[in-house]
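# Commentary on secondary and tertiary structure
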Amino acid sequence: MITVVLGTQWGDEGKGKVIDYLADDVDIVARYQGGANAGHTVVVSNRQFIFHLIPSGILYPGKICLLGNGVVIDPVSFSSEVEYLEENGISVEGRLFIAENAHITLPYHKVLDQIEDKFRGKGGLGTTGRGIGTTYADKFNRIGIRAVDFLDDGIFKEKLKIAMELKNYLFHEYYKEKMLNADKIYEEYGIYRDKMEKMVRNTSLYLHEEIEKGKQVLAEGAQGTFLDIDFGTYPYVTASNSIAGGACTGLGVSPKRVGRVIGVVKAYTTRVGMGPFPTELEGEEGEALRKTGNEYGATTGRPRRCGWFDSVLLRFACKVNGVDELVMTKLDVLSGLKKIKIGLSYEFEGKNYEDYTFSSKVFSNCGVVYEDAEGWTEDISKVTEYRYLPVNAKKYIERIEQLIEVPITKISVGSSREQTISR
Ligand code: IMP
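Residues numbered from 1 in each chain as written. Predicted model: local features only at pLDDT ≥ 70, side-chain atom pairs only at ≥ 80, totals over all residues. Heavy atoms only, no water.

### Some remarks on the site of the ligand
Applicable threshold: Throughout, the term near means that a residue has one or more heavy atoms lying within 4 Å of the molecule or strand in question. Per-residue and other accessible areas follow the Shrake-Rupley method at a 1.4 Å probe size, with only the shown protein chains counted as cover for residues. Note on residue classes: Ala, Val, Leu, Ile, Met, Phe, Trp, Tyr, Cys and Pro are nonpolar, Asp, Glu, Lys and Arg are charged, and everything else, Gly too, is polar.
Near the ligand, the surroundings consist of 16 residues, among which D12, N37, T128, T238 and R302 are the closest. Look at the ligand: alone it shows 470 Å² of surface, and the protein chains cover 95% of it. In terms of residue class, the shell around the ligand is built from six nonpolar, eight polar and two charged.

Written out as structure tokens, the structure is:
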């Protein structure tokens, strides 16, 4: 059976910790979309690990981890993560796989991503600059290079030449930027091809066979629901399907195999990069949340925009993903606030919106109808049982459950594995 774990907001909900927590009970952890734009932070025995590509399940000895066909793989990032793990005594030998049909991010994707976003000027998306959108664009334009092509000397050389001719034309003629050299890339990437060779396989078939044997799979989503290319706040989104449905296309598994969907939700809301954010807190209140919550991007180091909990977003996220249960993270960050606001609905031109809307006119310009919740002053970071949480913290959780109609089964009150309350 497959359990999907995904973010229900704009990413950075704390999926890394949740996946790490759940990985103990599964055999395989598989990522289904995104690339080196993700940033999963996991703290184990006071040591912090940050992953961009490799599933955080790799920290558990013996677990199999894989990057599905829906992931775009930057060989440089991938190899440096493998090295980093091995330097820290974590061997990936025989337990880390890459889908043959996953697309490869090459230097021109990264350069083009950065140039394009700069070129958009004020309309820039604030991408991570990791070549994500441009790799997916090549995939859909059918000029991408898959892992299986990357490993085949003749095919890689030929495909690289064709792709580079087109990209260099753009760099030189249109963007007036430096051209890249295909032969140099070919030479430089030889080392990565050697490193990845043993890991590349038909992961769809592999998953099928393992599930048939009764193995448990955790499908790990990156980014979050509102960064999804179809259901997010387009165009301020990433270039893949981060919603639960993406797990099927991004791993090559049947929807019939997905038995459970776990949503990860932060006790407030954050967003990195550009795009609308109705419950955003500007000024001192936002700054205070950012400081207490240490809200800085794990991939780019950019300060995250912070705001109140938005139940409109959550209700939609739970529906589009079919969320069975929620894990709430960073509740401890709210300790010490006198009043906490919960976004209930939006208001635009005299009309009330209880549901998420794809209209960017409404979503970018709406006001928010809030409800106040009473805060608490106690430090909750050492609480391990629900009954010991302050009354107002429990009221906050239960009010959110009531608004979303999905149970919150776990609450995280700190970054380590132990700081997790199960209900
Ligand atoms: P891209 O995925 O690099 O193309 O960036 C598109 C948008 O998604 C930008 O606003 C990024 O800041 C955002 N984004 C991408 N990956 C993450 C993530 O892991 N967490 C939060 N935001 C992300």
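### Things to note about the pairing of strand β3 (residues 40-44)
Convention followed: Only protein chains enter the accessibility calculation, which uses a 1.4 Å probe; a residue is then buried when its area is under 20% of its type maximum, exposed when over 50%, and partly exposed in between. A helix here means a DSSP run of H or I that spans at least four residues, while a strand means a run of E at least two residues long, and both kinds are numbered starting from the N terminus. If DSSP finds at least two bridges between two strands, the strands pair.
Most of β3 is tucked away, with four of its five residues classed as buried. Summarising the sheet, β3 and strand β4 (residues 47-51) pair through five bridges and their orientation is antiparallel. When the bridges of β4 are listed, V42 appears paired with F49. Taking the residues that link successive antiparallel strands as the turn, the β3-β4 hairpin has two residues, and the phi of S45 there is positive, at about 45°.

### A closer look at the pattern of salt bridges
Where we set the bar: Throughout this description, the term salt bridge denotes a Lys or Arg side-chain nitrogen within 4 Å of a carboxyl oxygen of Asp or Glu.
With the rule as written, the count across this model stands at 27 salt bridges. Of the charged contacts, one joins D372 and K341 as a salt bridge, the two residues approaching to 3.4 Å between their closest N and O atoms. Of this pair, D372 sits in strand β18 (residues 367-374) while K341 sits in strand β16 (residues 339-348), and the two are 31 residues apart along the sequence. Of the residues examined, D372 reaches a relative accessible area of 45% and is grouped as partly exposed. Each of D12, K266, E295, R304 and K330 takes part in salt bridges that share partners, so that together they form one network.

### Notes on empty space enclosed by the protein
Our working rule: In this analysis the probe radius is 1.4 Å and the grid spacing 1 Å, with only protein atoms considered; a cavity is a set of points the probe fits into but cannot get out of, a pocket is an open set with protein on both sides within 12 Å along at least five of seven lines, and lining residues have an atom within 4 Å of a point. Grid points are joined across faces, edges and corners, and a volume is the space filled by probe spheres set on the points.
By the definition in use, this model includes one cavity of 30 Å³ or more. Taken as a whole, the largest cavity holds about 50 Å³ of empty space. As for the largest cavity, its lining consists of K17, V18, Y21, L22, V327, K410, S412 and T420. Those elements giving two or more residues to the lining of the largest cavity turn out to be α1 (15-23) and β19 (408-412). For the lining of the largest cavity, the element with the highest residue contribution is α1, accounting for four residues. For the lining of the largest cavity, the residue count by class is four nonpolar, two polar and two charged.

### So, unusual backbone geometry
With an omega of 5°, the peptide bond between Y234 and P235 qualifies as cis. Tracing the sequence through the fold places P235 in the loop between β10 (217-220) and α10 (245-251). Look at E405: it is not a glycine, yet its phi comes out positive at around 65°. As for its placement among the helices and strands, E405 is situated in the loop between α14 (391-404) and β19. According to the relative accessible area criterion, E405 is exposed, its value standing at 70%.

### Quick notes on helix α3 (residues 107-119)
For clarity, the cut-off: To estimate how far a helix should reach, multiply one less than its number of residues by 1.5 Å. In what follows, residue pairs with any heavy atoms lying within 4.5 Å of each other are defined as contacts.
Over its 13 residues, α3 runs 18 Å from end to end, which matches the ideal 18 Å to within 8%, given 1.5 Å per residue. For α3, the complete set of buried residues consists of P107, Y108, H109, K110, L112, D113, I115 and D117. Where α3 is buried, its residues touch α2 (75-87), β8 (103-104), α4 (132-140), α6 (153-174) and α7 (182-188). Two residues or fewer after α3 comes G121, characterised by a positive phi angle close to 60°.

### A short note on the packing of aromatic side chains
Condition: Between the rings of Phe, Tyr and Trp (Trp by its six-membered ring), a pair exists once the centres lie within 6.5 Å; its type follows the angle of the planes, with under 30 degrees stacked, over 60 edge-to-face, and the other angles tilted.
The tally for this structure, following the rule as stated, stands at 23 aromatic pairs. Judged by centre distance (4.9 Å) and plane angle (90°), the rings of F119 and Y175 are edge-to-face. Of this pair, F119 sits in helix α3 while Y175 sits in the loop between α6 and α7, placing them 56 residues apart in sequence. Overall, Y175 belongs to the buried group, its relative accessible area being 13%. For the ring pair W376 and Y396, a centre distance of 6.3 Å and an interplane angle of 50° mean the geometry is tilted. A residue pair is termed long-range when its members are at least 10 positions apart, and W376 in the loop between β18 and α14 and Y396 in helix α14 qualify at 20 residues. Classification of W376 as buried rests on a relative accessible area of 3%. By relative accessible area, Y396 is classed as buried at 2%.

### Points about the packing of α3 against α6
Rules: In this analysis, axes come from line fits to C-alpha atoms, helices being fitted only over the stretch in contact, and the angle between any two N-to-C directions falls in the range 0 to 180 degrees. Roughly parallel here means an angle under 35 degrees, roughly antiparallel means over 145, roughly perpendicular means 65 to 115, and every remaining angle is called oblique. Handedness of a crossing follows from how the near helix is turned relative to the far one, being left-handed for an anticlockwise turn of less than a right angle and right-handed for a clockwise one.
Running from amino to carboxyl end, α3 crosses α6 at an angle of 30°, the nearest separation of the two axes being 11 Å. By the angle class used here, α3 and α6 are roughly parallel. Handedness of the crossing formed by α3 with α6: left-handed. Between α3, through Y108, V111, L112, I115 and F119, and α6, the contact on the second element is made entirely by L160, A163, M164, K167, L170, F171 and Y174. Among the residues forming the contact of α3 with α6, the class breakdown is 11 nonpolar, no polar and one charged.

### Looking at the side chain of T3
With respect to the helices and strands, T3 occurs in strand β1 (residues 2-7). When sequence neighbours within four positions are dropped, the list of residues in contact with T3 reads V217, L218, A219, R260 and I262.

### What to know about the sheet that holds β19
Strand-to-strand pairing in sheets goes through backbone hydrogen bonds, with the strands running parallel or antiparallel. Strand order in the open sheet formed by 10 strands is β9-β7-β5-β2-β10-β1-β11-β15-β19-β20, with mixed pairing between adjacent strands. Bordering the open sheet on either side are β9 (200-201) and β20 (420-422), each of which pairs with just one other strand. Judged from the four bridges that link them, strand β2 (residues 28-31) and strand β5 (residues 64-67) form a sheet pairing that is parallel. The residue of β5 that forms the bridge with R31 is L67. In the packing of α14 onto the sheet, the strands contacted are β15 (325-329) and β19, and the crossing angle to β19 comes to about 140°.

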